[in-house]
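Each chain, letter by letter, is given below.
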Amino acid sequence: LHVRIVSLHDGRAKEGGALAVINDVTKLRRLETVRRDFVANVSHELRTPITSIRGYVETLLDGALDNREVAIPFLETVLRQSERLNAIIDDLLALSRIEQESRAGGIDLREGPLVAVLEAAVQTCRIEAEKAGVGLAVDCPAGILATMNDTLLEQAIVNLVVNAIRYSRRDDVVTISAAVRADAEGKPQVAIAVRDTGCGIAPQHLPRLFERFYRSDQARSRTEGGTGLGLAIVKHIVQAHDGTIDVRSQEGIGSEFIITLKGRMA
Ligand code: ADP
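Residues numbered from 1 in each chain as written. Predicted model: local features only at pLDDT ≥ 70, side-chain atom pairs only at ≥ 80, totals over all residues. Heavy atoms only, no water.

Caption draft 1: Representation of the pattern of salt bridges in the model. On inspection of all chains with the given rule, the structure shows 11 salt bridges. The partner of Glu 58 in a salt bridge is Arg 54, and the shortest N-O contact between them spans 3.8 Å. Placement of the pair is Glu 58 and Arg 54 together in helix 1 (residues 26-61), with a separation of four residues, close to one helical turn. You can call Glu 58 partly exposed: its relative accessible area is 45%. (Salt bridge = Lys/Arg side-chain N within 4 Å of Asp/Glu carboxyl O. Helix = DSSP H or I, 4+ residues; strand = E, 2+ residues; numbered from the N terminus. Buried < 20%, exposed > 50% of the residue type's maximum accessible area, 1.4 Å probe, protein only.)

Written as structure tokens, this is what we have:
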């Protein structure tokens, strides 16, 4: 709390006075801490692949280059780490673009058929699913209309589906389903659920899952190519739609991420 006392006595008037200015700076301070942590996290996340690239290149220059069998896997690691850097930067840019659009008068929202967006998202994830041996199933009645920004909602669904694939086992199936239901005031809304039967998430991680760079399993999600920003992007997109996002998960059984948006049955 900042308290500032301003004297109102100007030296001429008989009766003076004082004005107490009380500012609650807790929120400002917290924002400042979040911003500082974020910058520290970004630096750390970018430095990790750069350190690895440097190490391998130095070893190559120190002589490993002469041995093809050693050099090729080293170069493959360099390539993978540069792709990782790219992914982190792409995600950071996506996040800041959504934040900026939300601040500047909001994102462009239009009513349209939800199934088209879900199908497009699944199409984007098809190759990744095939590589992992995971099936994808869409269950969305054709008549559902959602008030959405197609491009952004598709990106949110893609992020959820990519995670669901990443944390599933071979031969598992990821289901993307949608339904219209009544909200607390009885108004219709659309609920989109991305469900997997993968490893699940321990309860202590659930409250922090949507924070930038938060990972429930550091080692695994890093090696699986995650940037730690996927769910933060989803949350921002959903908030820009005035929607909600919830997660339900049980370790060893699977996870379900549910987005609700404004929508109705045609
Ligand atoms: P990442 O890029 O690391 O996947 P996200 O923000 O997308 O980052 O997810 C944050 C963390 O949440 C992940 O590192 C992972 O630990 C956990 N997570 C997200 N989705 C799932 C899922 N479907 N099943 C199990 N864990 C998940």
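Caption draft 2: Broad picture of a nonpolar patch on the surface. Residues Val 3, Ile 5 and Ile 22 make up a contiguous nonpolar surface patch of roughly 310 Å² in combined accessible area. Checked against the element boundaries, Ile 5 lands in strand 1 (residues 2-7). (Patch = residues over 30% accessible without salt bridge, like charges linked within 9 Å, V, L, I, M, F, W, Y side chains within 5 Å. Areas by Shrake-Rupley, 256 points an atom, 1.4 Å probe, with all protein chains shown as cover.)

Caption draft 3: Quick peek at the confidence of the model for the protein. Looking at the protein, pLDDT values average 90 and 93% of them are 70 or higher. We note a pTM of 0.84 for the whole complex and an ipTM of 0.98 for its interfaces. (pLDDT = per-residue confidence, 0-100.)

Caption draft 4: Just the site of the ligand, in detail. Close to the ligand lie 22 residues, the nearest being Asn 163, Ser 216, Thr 227, Gly 228 and Leu 231. The separation between an oxygen atom of the ligand and a polar main-chain atom of Thr 227 is 2.9 Å. Starting from 530 Å² of accessible surface for the ligand in isolation, the protein chains cover 98%. Elements represented by at least two residues in the shell around the ligand include exactly helix 4 (150-166), helix 6 (230-240) and strand 9 (254-265). Sort the elements by how many residues they give to the shell around the ligand and helix 4 lands first, with three residues. Here the residues of the shell around the ligand are counted per class, giving nine nonpolar, nine polar and four charged. (Near = heavy atom within 4 Å. Polar contact = N/O pair within 3.5 Å; in protein donor to acceptor, adjacent residues only side chain to side chain. Nonpolar A, V, L, I, M, F, W, Y, C, P; charged D, E, K, R; others polar.)

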